[in-house]
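# Observations on the three-dimensional arrangement
If you want the building blocks of each chain, they are given just below.
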Amino acid sequence: MKILHVNSAENWRGGEQQVAYLTEGLKNKNIDQLVFCRQNSAFAHFCKEKDIPFLSFRPQNPLRIAFQLKKICLQEKIALMHFHDSTMHTCAVLAADLFRNPTPFVVSRRVDYPVKKNIFSRWKYNHPKLKRILCVSETIRRMYLADIKNPQKLITVYSGIELEKFKYPASGILRREFQIASDTLLIGNVAAISPHKDYYTFVNTVEILYKQGLEARYLIIGSEDDLEESQKIKTYIREKNLDNQIILTGFRRDIPQILPELDIFLFTSQTEGLGTSLLDAFACKVPVVATKAGGIPELVIHEKTGLLSPVKNANDLAQNVLRLVRTASLRSEIVAGACVHLQNFSKEKTLENTLRIYKECIS
């Protein structure tokens, strides 16, 4: 069994971390694999660092990439391809139909966007060489049911995290770096600045809490690769006169060390496949307030593992934050519940389920 992983992302986000866990896990199990990723991408650097075999491509016409896929599959004797984003899924079906690539493939779906209502999309998602669609949540699996002719192709494989990675005590790094007093609450989110993370609602929630007199600092912890969206958010913060309340830290490599410093994790996404940064918060025993977007309610069970609010409802989010601030017993209960629920979302379980699907497809 030799697996070809295909990923076109240039930068490092939650999806790339999941592919990293998967490829490292397969390497530890001595599963033969090869990665095909974008040249000079964050994932190419990861493969080089971890000594995972990889080939790279330059952004170019999908037909050229499709032809490369066929050559790789024949030369490397690939048994199964795993496509980790929708862009490369298109190249997979082109390789099969235009260049007669015989290798079957599986596709991961990590975002809660429905299949587009056009002939090409329906063809792509019902292609005979597509053996499984690995949905990151039950929400996504159900979303696809109406468009997939064979529903048995749809399998839920939850993302997982490295539980041992988040065992640090509160470090004080953020308070020292940004000169925040020890008695000031820290409320933050860990997510790249992009439209679906809906940082406008995050800012609106901060505005409500600030006007109600809550003594806190609010942190947006994540990359600003989407320069246009980042500038819009910064402008919005200035317009709200919240420059002294909200801190944008940019991309950080020390998340396991700084996340335990947060008093509350405020997650305001308007769409979300699952939201693995919520699992990180669970592991760090940080109580969560989140929206009901996508697969989030499969992680955040209201009043058991966190508090949920309707999407874009800043008033409700603010009230849930205040509930946690004012009620120590509720904080303790949901942190305990989150720790128990977290055991279902380890990277080992994700690896085990994915490997089982690989074997089913190949056999």
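See above for the structure.
First, a word on scope: everything that follows refers to the structure included in this document. (Residues numbered from 1 in each chain as written. Predicted model: local features only at pLDDT ≥ 70, side-chain atom pairs only at ≥ 80, totals over all residues. Heavy atoms only, no water.)

## Some details on the state of the cysteines
Let me state the cut-off plainly: Cysteine sulfur atoms are paired as a disulfide whenever they come within 2.5 Å of each other.
A full pass over the atoms with the stated rule returns zero disulfides. Just so you know, Cys-47 is unpaired, no disulfide at all, and the nearest cysteine sulfur is the one on Cys-37, 5.0 Å from it. Distance from the sulfur of Cys-135, which forms no disulfide, to the nearest cysteine sulfur (Cys-361) is 13 Å.

## Points about the nonpolar core
One recurring pattern in soluble globular proteins is that nonpolar side chains are buried together. Inclusion rule: Residue types Ala, Val, Leu, Ile, Met, Phe, Trp, Tyr and Cys, when buried and joined through side-chain atoms within 4.5 Å, form a set referred to as a nonpolar core. When a residue's accessible area, from a 1.4 Å probe over protein chains only, is under 20% of the maximum for its type it is buried; when over 50% it is exposed; and in between it is partly exposed. What counts as a helix is a DSSP run of H or I of at least four residues, what counts as a strand is a run of E of at least two, and both are numbered from the N terminus. Should any heavy atoms of two residues lie within 4.5 Å, those residues are counted as being in contact.
Judged by nonpolar contacts, the single largest core of 65 residues is most densely connected at Leu-4, Leu-69, Phe-83, Phe-265, Leu-278 and Val-300. Considering each element in turn, this core owes the most residues, six residues, to helix α4 (residues 86-98). When near neighbours in sequence (up to four residues on either side) are disregarded, Leu-4 contacts Leu-34, Val-35, Phe-36, Leu-69, Ile-72, Cys-73, Ile-78, Leu-80, Met-81 and His-82.

## So, the environment of Asn-313
As for its placement among the helices and strands, Asn-313 is situated in the loop between β13 (307-309) and α12 (314-326). Look at Asn-313 and you get partly exposed, because its relative accessible area is 27%. Separated by 251 residues in the primary sequence, Asn-313 and Pro-62 place their C-alpha atoms 40 Å from one another.

## As for the packing of helix α11 (residues 276-283) against helix α13 (residues 328-342)
As a reminder, the rule being used: Angular values range over 0 to 180 degrees, each being the angle between N-to-C directions of two axes fitted as lines to C-alpha atoms, with helices fitted over their stretch in contact. Crossing chirality is assigned from the near helix's rotation relative to the far helix, an anticlockwise turn below a right angle marking it left-handed and a clockwise turn marking it right-handed. Residue classes follow a fixed rule: Ala, Val, Leu, Ile, Met, Phe, Trp, Tyr, Cys and Pro count as nonpolar, while Asp, Glu, Lys and Arg count as charged, and any other residue, Gly among them, counts as polar.
Between α11 and α13, the least distance of the axes is 9 Å, while the angle of their chain directions is 120 degrees. Our pair here, α11 against α13, has a crossing hand that is left-handed. Contacts from Leu-279, Phe-282 and Ala-283 in α11 reach Ala-338, Cys-339, His-341 and Leu-342 in α13. Tallied by class, residues from the contact of α11 with α13 come to six nonpolar, one polar and no charged.

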